[in-house]
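The residues making up each chain are set out below.
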Amino acid sequence: MPSERHAPRPGSMAAAPSPAPTDGPASPRPRSGAEIRAAFLRFYEQRGHRPMPSASLIPDDPTVLLTIAGMLPFKPVFLGQAERPAPRATSSQKCIRTNDIENVGRTARHHTFFEMLGNFSFGDYFKEQAIAWAWELSTGVFGLAPENLVVSVFREDDEAEAIWRDTVGVNPKRIIRMDEADNFWASGPTGPCGPCSEIYYDFRPELGDDAIDLEDDTRFIEFYNLVFMQYNRDAQGTLTPLAARNIDTGMGLERMAQILQGVPNNYETDLIYPLIEAAAGLAGVEYRGLDEKGKTSLKVIGDHSRAVTQLIGDGVTASNLGRGYILRRLLRRVVRHGRLLGIDKPFLAAMGEASIALMGEAYPQLLERRAVILAELEREEARFLETLERGEKLLADVLASQPSQISGAQAFELYDTYGFPLELTEEIAEEHGLTVDVAGFELAMEEQRQRAKAAAVSIDLTLQEAIDQVAATAAATTFKGYEALEHPSCVLALVVNGEPATLAGAGDQVQLVLDSTPFYGEGGGQVGDRGVLLGGGDQTSVDAGVIVSIEGVSRNRSVFVHSGRIERGCVAVGDLLTARVDAACRRRAQANHTATHLLQAALKQVVDPGIGQAGSLVDFDRLRFDFHCPRAVTSAELEQIEALINGWIAEAHTLEVQEMAIEKAKAAGAVAMFGEKYADVVRVVDVPGVSMELCGGTHVANTAEIGLFKIVSESGVAAGIRRIEAVAGPAVLAYLNERDAVVKQLGERFKAQPGEIVDRVAALQDELKASGKALAAARGELALAKAAALADKAERVGDFQLLVARLDGVDGAGLQSAALGLADQLGEGAAVVLGGLPDPSDLGKVILVAAFGKAVIAAGQQAGKFIGGVAKACGGGGGGRPNLAQAGGRDGTALVGALRQAEQQLREQFGAALG
RNA sequence: GGGGAAUUAGCUCAGCUGGUAGAGCGCUGCGAUCGCACCGCAGAGGUCAGGGGUUCGAGUCCCCUAUUCUCCA
């Protein structure tokens, strides 16, 4: 019986390294994961920290795929990009990391999903206070004995060492200095940074203080990391002290649980072990009875089950890119390890259930999204099982050829193209006594990486360069288009024909930067405005001396770039112009944009409240909305959505657009887009009672202005993403007119009322099919009849029966069956050559067919070769099998000669064979 | 964002170096049976995903598009 321990059992701590009792506070020492989490948050809350809820695993920061650290939600604050929510904060943040996924289950403490407890100071308290509280929490609240603790400080951080030694009273021998790699934190090459200090738990203090090696993870476990953000690093690498110094800390919840529960690794804490037990139950095994390999599989399942449940809970769906791909990979690893353990039926949903049961109390959102989570798990598992089945079949084909080993290329093809895991290929190969060329596999993988890299070069046009250059130096453009469609603007910069310039004349293609503009710059899915810039004498009319037509407006950083053409006059930097937006176009874009918001709201209402935007386009005459949805939207749902939206339009809701702090907007329930970066102050577009979104676009004042909404199509763009295209406002009329014209034309063409067209076309289709068949049958019969008449004309040459004849009005297939039929009739010595015009009125197309009997082939004649030669005379070519071949040509007038020549040739050759 | 692959009858899939589109299951009818299952016979069912190209001729070769699968970032 192994001596190691599993689920924590109170009162049986003797066998494991256990924290020495201290004279702690009256409240009982925390022990379970939930107690540890609560105790940490309570400790810091009592010390003036605002408790913050865990942020989503999907970060607001578009530069990272997932929330990988407890401080990530506060990163904008540390970087000075966002206001601090409070001087001090504390949180338990869920995190996911997959960089060394291979280590999960193999080491004691690698996780994909984990929870990070943290306390943060934003320019408030600093090093001394942070260290003191960390120590008080560790020893006082968690009851860890000082003899069991070791701290590390950065090599040059004398200040921290002094605090630990003198203020806290840590044994100097148990303060270890570490290098940058371990104890200096930075979020990037430049920006805020500073030294760290960590607290380690020592499982074997009896080994003494003299040979402390913190890298030895059988003896030590790091559980608390304190980052002292005190410098700013510039591009030259120079460190300057920060005015407002920050504290960022992290305590691994799972690690503290391992320490306090006295178990040998994180997986056997109450935060994960119930999942291991659930998986073991499904496999019909006992965790403690398994070898290392089996235990590892259970640990992987336990760890990954938490991760996938949380990921789906936060709105990630499995896909082949981005975080969806991470989710898929995790899911598939769970399935694979389940199979290794002998689970032969779908079990992911059961693991999801167990995970929700385990974490639902701390994360109630999991309970709300239970159905979605389980459905996604089931769907994805089924998909993977299909992949595996297909891969096994392909591998069986490879094995059937009895190779000496599975080549790297073969293994890689299975993996790369069919998603069949290398480990499985190895496993199955082993069962057949074969090995896999893993080195070759790695090589192929590297090649594929290189290919991807080489192809990923971006296209940089010179025009873009010039614009970038101008935009980088120009001041930010002030946007006036929310309130005005016409505005006086000053030209700040010009690009003419791709080159920066100070003057542009009539006919030039130009890009202009203005100090302020009423033109909407393309962004948030909405296209840029069109319109004109007027200058010279009368700037308010088209009689103006200068006219620049603006075809589009894009944004480059905060600069609006107006692209267009100078129609009249010339423009110089510094000119004052009147910018006038094409109001009709703008109105159409606004109708489409507001309609897009209504569409999203309707989708949430009709299909799934969890639907999230995946992309959007608002043009003048249409709108396109992409969203996450695992299945197609049914036509009934589409009708419902249309009705709902047109209802909202008819209800004439007045929009309320206002700017507010992002926190306030989110609290009010405004829909923000994942991956989109927002400023502190955001614009909220509210259709009261219907939709509230963060949006910088332009909108109608009242939904009634939209007039009408019509869905044009629903389709898929990628796995898990659907697209709806629709029209709104004036564009609907154009769309309906177009459709109406088509229906009218069809009606005239088919001599039917619009309602009868479908039946009429169906009937015509049937009729067409039937007559086509009748025609084919008649042709066949005709060919046969003509052929039968030809049979008598066969000429005997020795043992051979020679028949060369012309047969017009028969297509290729008919000619072939006629030739075959005749050859059968004439026996093994038959050499039948038929030629003709499939359409006697068309001399441009000739068909030739040859059918040779066995004896003819034996005599060295092959139909394929023979007919090719014949066809040359008709300006064509051909080929086929030895017994039956077909050829074609373009010259009908040469047919007679070609047939005569063929007959001559055969007769000679047969005569020679006789000779 | 960049690779690889798939798309053929209602379903699962064959179809070789271009030369008359096939199998199994399912379906319909007939036979056999008291009846059912099994079985026997016959039959229906295909714009070979769509579009363009090469060729005398394309399911097959090339390009584009769509959808699905899959790997990499």
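Numbering of residues begins from 1 in every chain and follows the order in which that chain's sequence is written. Chain labels run from A onward and ligand labels from 1 onward, assigned in the order the entries are written. Given that the model is predicted, a residue must reach a pLDDT of at least 70 before its local features are reported, and side-chain atom pairs must reach 80 or more before they are shown or counted; all residues, however, enter totals for whole chains, interfaces and linings. Only hydrogens and water are set aside; all other atoms, that is, all heavy atoms of the structure, feed into the side-chain values.

**Quick look at the overall build of chain A**
Here's step 1: Runs of E in the DSSP output that reach at least two residues are strands. Runs of H or I that reach at least four are helices, and both are numbered from the N terminus. When helices and strands are counted, chain A shows 25 helices and 33 strands.
Here's step 2: Categorising residues by exposure relies on relative accessible area from a 1.4 Å probe, with only protein chains included: less than 20% of the type maximum marks a residue as buried, more than 50% marks it as exposed, and the intermediate range marks it as partly exposed. The buried share among the 915 residues of chain A stands at 47%.
Here's step 3: Taking as baseline every contact in chain A between residues at least 6 positions apart, the subset at least 24 positions apart corresponds to 68%.
Here's step 4: Computed with the Shrake-Rupley method and a 1.4 Å probe, the accessible areas treat only the protein chains shown as cover for residues. Carbon together with sulfur atoms contributes 52% to the accessible area of chain A, which is approximately 42600 Å² in total. Whether two residues touch is decided by their heavy atoms; if any such pair falls within 4.5 Å, the residues are in contact.

**Here's the deal with the sheet that holds strand 31 (residues 846-852)**
Here's step 1: Two strands pair under a simple rule: DSSP has to find at least two bridges between them. Spatially, the 6 strands line up as an open sheet ordered 28-29-30-31-33-32, and their pairing is mixed. Sheet topology places strand 28 (795-797) and strand 32 (877-880) at the edges, where each strand pairs with a single neighbour. In this sheet, adjacent strand axes meet at a mean angle of 15 degrees when their direction is disregarded.
Here's step 2: Sheet topology note: the strand 31/strand 33 (residues 884-889) ladder contains 6 bridges and is antiparallel. In the sheet register, Ala850 faces strand 33, and the bridge partner there is Ala885.
Here's step 3: In this analysis, axes come from line fits to C-alpha atoms, helices being fitted only over the stretch in contact, and the angle between any two N-to-C directions falls in the range 0 to 180 degrees. Lying over the sheet, helix 22 (residues 812-826) contacts strand 29 (800-806), strand 30 (830-836), strand 31 and strand 33, oriented at roughly 155 degrees with respect to strand 30.

**Topic: the side chain of Gln258**
Here's step 1: With respect to the helices and strands, Gln258 occurs in helix 6 (residues 253-261).
Here's step 2: Setting aside residues up to four positions removed in sequence, Gln258 forms contacts with Arg109, Phe203, Ile221, Val263, Pro264, Asn265, Asn266 and Thr269.

**Regarding the packing of aromatic side chains**
Here's step 1: Pairing of aromatic rings covers Phe, Tyr and Trp, the last through its six-membered ring, and needs centres within 6.5 Å; plane angles under 30 degrees mean stacked, over 60 mean edge-to-face, and all others mean tilted. The final tally for this structure, using the stated rule, is 22 aromatic pairs.
Here's step 2: Between the aromatic rings of Tyr201 and Phe203, the centroid separation amounts to 5.2 Å while the plane-to-plane angle is 75 degrees, which identifies the pairing as edge-to-face. In this pair, the class of Tyr201 matches that of Phe203, namely buried.
Here's step 3: Lysine and arginine charges are scored as sitting over a ring when NZ or CZ, respectively, is within 6 Å of the ring centre and within 35 degrees of the ring normal. The ring of Phe43 carries the charged tip of Arg47 above its face, separated from the ring centre by 3.7 Å.
Here's step 4: Cation over ring: Lys295 sits above Tyr287, and NZ or CZ is 5.5 Å from the ring centre.

**With respect to the confidence of the model for chain A**
Here's step 1: Note on scores: pLDDT gives the predictor's confidence for each residue, bounded by 0 and 100. Averaged over every residue, the pLDDT of chain A is 84; residues scoring 70 or more account for 90%.
Here's step 2: Note on residues 1-25: pLDDT is under 50 here. Beyond four places in sequence and across chains, it has 48 contacts.
Here's step 3: Ignoring residues within four places in sequence, the model shows residues 457-462, a span with pLDDT below 50, making 2 contacts including any to other chains.
Here's step 4: Confidence estimates for the predicted assembly give a pTM of 0.67 and an ipTM of 0.80.

**Section: the nonpolar core**
Soluble globular proteins tend to pack their nonpolar side chains together in the buried interior.
Here's step 1: Counting 103 residues, the largest nonpolar core has Phe142, Trp164, Phe223 and Tyr224 as the members making the most contacts within it.
Here's step 2: Looking at which element gives the most residues to this core, the answer is helix 12 (residues 370-400), with 8 residues.
Here's step 3: Excluding its chain neighbours within four sequence positions, the residues that come into contact with Trp164 are Ile131, Trp135, Val151, Val153, Gly169, Val170, Ile175, Ser197, Ile199 and Leu226.
Here's step 4: Leu599, Ala601, Leu638 and Val685 belong to the second largest nonpolar core, which has 32 residues in total. Here, nonpolar core refers to any group of buried Ala, Val, Leu, Ile, Met, Phe, Trp, Tyr and Cys residues whose side-chain atoms link them within 4.5 Å.

**Concerning the packing of helix 9 (residues 322-340) against helix 12**
Here's step 1: Where helix 9 contacts helix 12, the two axes come as close as 10 Å, and the packing angle between them is 65 degrees. You can see that helix 9 and helix 12 cross each other, and the crossing is right-handed. Taking contact as the criterion, the partners of Arg328, Leu331, Arg332, Val335, Arg336 and Arg339 in helix 9 are, on helix 12, Leu377, Glu380, Glu381, Arg383, Phe384, Leu385, Thr387, Leu388 and Glu392.
Here's step 2: Of the residues belonging to the contact of helix 9 with helix 12, the class tally is 6 nonpolar, 1 polar and 8 charged. Helix crossings fall into two classes, left-handed where the near helix is turned counterclockwise from the far one by less than a right angle and right-handed where it is turned clockwise. Three classes are used, and their members are as follows: Ala, Val, Leu, Ile, Met, Phe, Trp, Tyr, Cys and Pro are nonpolar, Asp, Glu, Lys and Arg are charged, and the others, Gly among them, are polar.

**Examining the pattern of salt bridges**
Here's step 1: Salt bridges are defined as contacts in which a side-chain nitrogen from Lys or Arg sits within 4 Å of a carboxyl oxygen from Asp or Glu. Per the counting criterion, the structure on display carries 34 salt bridges.
Here's step 2: The salt bridge partner of Asp124 is Arg88, with a shortest N-O separation of 2.3 Å. Highlighted residues: Asp124 in the loop between strand 3 (113-122) and helix 3 (127-141) and Arg88 in strand 2 (residues 88-96), separated in sequence by 36 residues.
Here's step 3: Of the residues examined, Asp124 reaches a relative accessible area of 33% and is grouped as partly exposed.
Here's step 4: One salt bridge connects Arg336 with Glu423, and the closest N-O pair in it is separated by 3.3 Å. Remark: Glu423 occurs in helix 14 (residues 422-431) and Arg336 occurs in helix 9; sequence separation between them is 87 residues.
Here's step 5: Judged by its relative accessible area of 10%, Arg336 is buried.
Here's step 6: With a relative accessible area of 33%, Glu423 lands in the partly exposed category.
Here's step 7: Salt bridges here are not isolated pairs; linked through shared partners, they connect Arg155, Glu156, Asp179 and Glu180.

**Brief notes about the pairing of strand 24 (residues 681-687)**
Here's step 1: Counting buried residues in strand 24 gives 6 out of 7 residues, a clear majority hidden from the surface.
Here's step 2: Strand direction decides the pairing type here: strand 23 (residues 656-661) and strand 24, joined by 6 bridges, are antiparallel. By the bridge assignment, Met660 is partnered in strand 24 with Val682.
Here's step 3: In terms of strand pairing, strand 24 meets strand 25 (residues 691-694) through 4 bridges, oriented antiparallel. Counterpart to Val684 in the pairing with strand 25 is Leu694.
Here's step 4: A loop of 3 residues connects strand 24 with strand 25, the two strands running antiparallel in sequence, and Gly689 in this loop sits at a positive phi of about 80 degrees.

**Digging into helix 7 (residues 273-283)**
Here's step 1: Regarding helix 7, the residues found buried are Tyr273, Leu275, Ile276, Ala279, Ala280 and Ala283. Angular distribution of buried residues about the axis of helix 7 spans 155 degrees; they occupy a single face of the element.
Here's step 2: Residues of helix 7 that are buried make contact with helix 8 (292-313) and helix 10 (348-359).
Here's step 3: Of the residues one or two after helix 7, Gly284 is the one with positive phi, at around 70 degrees. Think of it as the arc spanned by the lines of direction from the helix axis to the C-beta atoms.

**Side note on the pairing of strand 33**
The side chains of a regular strand alternate, residue by residue, between the two faces of the sheet.
Here's step 1: Bridge analysis of strand 32 against strand 33 gives 4 bridges, and the strand direction is antiparallel. Across the sheet, residue Gly880 finds its bridge partner in strand 33, namely Ala885.
Here's step 2: Hairpin remark: strand 32 followed by strand 33, antiparallel, with 3 residues in the connecting loop.

**Notes on the environment of Asn556**
Here's step 1: Note that Asn556 resides in strand 17 (residues 546-556).
Here's step 2: Using a relative accessible area of 11% as the deciding quantity, one classes Asn556 as buried.
Here's step 3: A C-alpha to C-alpha distance of 9.9 Å links Asn556 and Glu522, two positions 34 residues apart in sequence.

**What about the sheet that holds strand 23?**
Here's step 1: If you trace the 3 strands from one edge of the open sheet to the other, you get 23-24-25, paired in antiparallel fashion. In this open sheet, the two edge strands, each paired with only one partner strand, are strand 23 and strand 25. Neighbouring strand axes in the sheet, compared pairwise and without regard to direction, differ in orientation by 25 degrees on average.
Here's step 2: The strands touched by helix 17 (residues 583-606) within the sheet are strand 24 and strand 25, with strand 25 carrying the most contacts at an inclination of about 120 degrees.

**Comments concerning a negative patch on the surface**
Here's step 1: Only residues above 30% relative accessible area that lack a salt bridge enter a patch, with like-charged residues linked at up to 9 Å and the nonpolar side chains Val, Leu, Ile, Met, Phe, Trp and Tyr linked at up to 5 Å. Neither His nor the chain termini are counted; the positive set is Lys and Arg, and the negative set is Asp and Glu. Each charge is placed at NZ for Lys, CZ for Arg, CG for Asp and CD for Glu. A cluster of acidic side chains, namely Asp182, Asp213, Glu215 and Asp217, defines a negative patch on the protein surface.
Here's step 2: With respect to the element layout, Glu215 can be found in the loop between strand 7 (191-202) and strand 8 (220-233).

**With respect to the packing of helix 1 (residues 33-45) against helix 3**
Here's step 1: Across the interface, helix 1 lies against helix 3 with an axial gap of 11 Å and an inter-helix angle of 135 degrees. For the element pair helix 1 / helix 3, the angle class is oblique. In terms of crossing hand, the pair formed by helix 1 and helix 3 is right-handed. Counted together, Ala39, Phe40, Phe43 and Tyr44 of helix 1 and Trp133, Ala134, Glu136, Leu137 and Val141 of helix 3 form the full contact between these two elements. For this classification, under 35 degrees means roughly parallel, over 145 means roughly antiparallel, 65 to 115 means roughly perpendicular, and everything else is oblique.

**Overview of unusual backbone geometry**
Here's step 1: Unusually for a residue other than glycine, Ala652 sits at a positive phi of about 50 degrees.
Here's step 2: In this structure, Ala652 sits in the loop between helix 18 (635-650) and strand 23.

**Points about the environment of Asp166**
Here's step 1: Within the fold, Asp166 resides in helix 4 (residues 158-168).
Here's step 2: Separated by 3.0 Å, the side chains of Asp166 and Arg165 make a polar contact. Think of a polar contact as two N or O atoms within 3.5 Å of one another; within protein, one of them needs to be a possible hydrogen donor and the other a possible acceptor, and neighboring residues in sequence only count if both atoms come from side chains.

**Some words on the side chain of Glu642**
Here's step 1: With respect to the helices and strands, the residue Glu642 is situated in helix 18.
Here's step 2: Beyond its immediate sequence surroundings of up to four residues, Glu642 is in contact with Phe709, Lys710 and Ile711.

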